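Residues per chain, in single letters:
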Amino acid sequence: MKATKSRTMQMIDDALEELVKETGATPELLLSDRGMACVMRLVSNLFEDWRGCPVKQCRRARCCQGPDMICQLHGMSRAEASPEEIADVNARMKQIAEWYLERRGVW
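Residues numbered from 1 in each chain as written. Predicted model: local features only at pLDDT ≥ 70, side-chain atom pairs only at ≥ 80, totals over all residues. Heavy atoms only, no water.

**Q** Could you clarify how one ought to interpret the overall build of the protein in this entry?
**A** A count of helical and extended segments in the protein gives 5 helices and 0 strands. Reading the helices (α) and strands (β) of the protein from amino to carboxyl end gives α-α-α-α-α. Taking all 107 residues of the protein together, 35% fall into the buried category. Contacts in the protein between residues far apart in sequence, at least 24 positions, make up 46% of those at least 6 positions apart. Carbon and sulfur atoms form 52% of the exposed surface of the protein, whose accessible area is close to 6900 Å². (Helix = DSSP H or I, 4+ residues; strand = E, 2+ residues; numbered from the N terminus. Buried < 20%, exposed > 50% of the residue type's maximum accessible area, 1.4 Å probe, protein only. Contact = heavy atoms within 4.5 Å. Areas by Shrake-Rupley, 256 points an atom, 1.4 Å probe, with all protein chains shown as cover.)

What follows is the structure in structure tokens.
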């Protein structure tokens, strides 16, 4: 388990590094709503959450199309989910993204 967690953390660190290189993202941009959504999609893509996403657009593109992290509702469609459930999922994913950015030393 520890080796898998370590490997996952390294994958996310590498992906964040690549994101910063590709976009020239500054800490301010990464901490903005747009940057946070980008990091949330990045994490979702690393775990290939689009495979089970109820949004056809994500499955067709083979990557998270955001902005809502509907894939984290685990089989529930956007129509079945209440606005509170969607907001909770987005808040949880934002916390995860903030944690990764903090661990990376963005702030």
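**Q** When you look at the packing of helix 3 (residues 33–46) against helix 5 (residues 83–104) in this model, what are you seeing that I'm missing?
**A** Helix-helix packing: each pair is described by the crossing angle between the helix axes and the interaxial distance. Closest axis-to-axis distance for the helix 3/helix 5 pair is 9 Å, and the angle between their directions is 90°. Our classification of the angle between helix 3 and helix 5 gives roughly perpendicular. Where helix 3 abuts helix 5, its residues D33, M36, V39, M40 and V43 lie against N90, M93, K94, A97, E98, Y100 and L101. Its residues assigned to classes, the contact of helix 3 with helix 5 shows 8 nonpolar, 1 polar and 3 charged. (Axes fitted to C-alpha atoms, helices over the stretch in contact; angles between N-to-C directions. Parallel < 35°, antiparallel > 145°, perpendicular 65-115°, else oblique. Nonpolar A, V, L, I, M, F, W, Y, C, P; charged D, E, K, R; others polar.)

**Q** I tried to follow unusual backbone geometry on my own but got confused; where do I start?
**A** Excluding glycine, most residues fall at negative phi; most peptide bonds, likewise, are trans. Backbone geometry at E48 places phi at a positive 50°, although glycine is not the residue there. Considering the arrangement of structural elements, one finds E48 in the loop between helix 3 and helix 4 (56–61). Residue classification places E48 among the partly exposed positions, given a relative accessible area of 37%. We note that R62 has phi near 60°; this positive angle belongs to a residue other than glycine. With respect to the element layout, R62 can be found in the loop between helix 4 and helix 5.

**Q** Mind showing me how you'd approach the pattern of salt bridges here?
**A** Opposite charge on two side chains lets them pair, provided their charged atoms get close. The full count for this structure, using the stated rule, is 2 salt bridges. Salt-bridge contacts for D33 lead to K94; the nearest nitrogen and oxygen are separated by 3.8 Å. On the criterion of sequence distance, the pair formed by D33 in helix 3 and K94 in helix 5 is long-range, its members being 61 residues apart. On the basis of relative accessibility, which here comes to 62%, the residue D33 falls in the exposed class. Residue K94 is classed as partly exposed on the basis of its relative accessible area of 32%. Of the charged contacts, one joins R51 and E48 as a salt bridge, the two residues approaching to 2.8 Å between their closest N and O atoms. (Salt bridge = Lys/Arg side-chain N within 4 Å of Asp/Glu carboxyl O.)

**Q** Is there a simple way to think about the packing of aromatic side chains in this case?
**A** Aromatic rings considered in pairs are described by the distance between their centres and by the relative angle of their planes. A complete count under the given rule lists 1 aromatic pair for this structure. Taking the centre distance of 5.1 Å and the plane angle of 70° together, the rings of W99 and Y100 count as edge-to-face. Taking relative accessible area as the criterion, W99 reaches 43% and is therefore assigned partly exposed. Assessed through its relative accessible area of 8%, Y100 is described here as buried. (Phe/Tyr/Trp six-rings, centres within 6.5 Å; stacked < 30°, edge-to-face > 60°.)

**Q** How should helix 3 be read in this particular structure?
**A** An ideal rise of 1.5 Å per residue puts 20 Å on 14 residues; helix 3 measures up with 20 Å between its terminal C-alpha atoms. Within helix 3 the residues assigned to the buried category are G35, M36, A37, V39, M40, L42, V43 and S44. Positioned one or two residues after helix 3, E48 has a phi angle of 50°, which is positive. (Expected span 1.5 Å × (residues − 1).)

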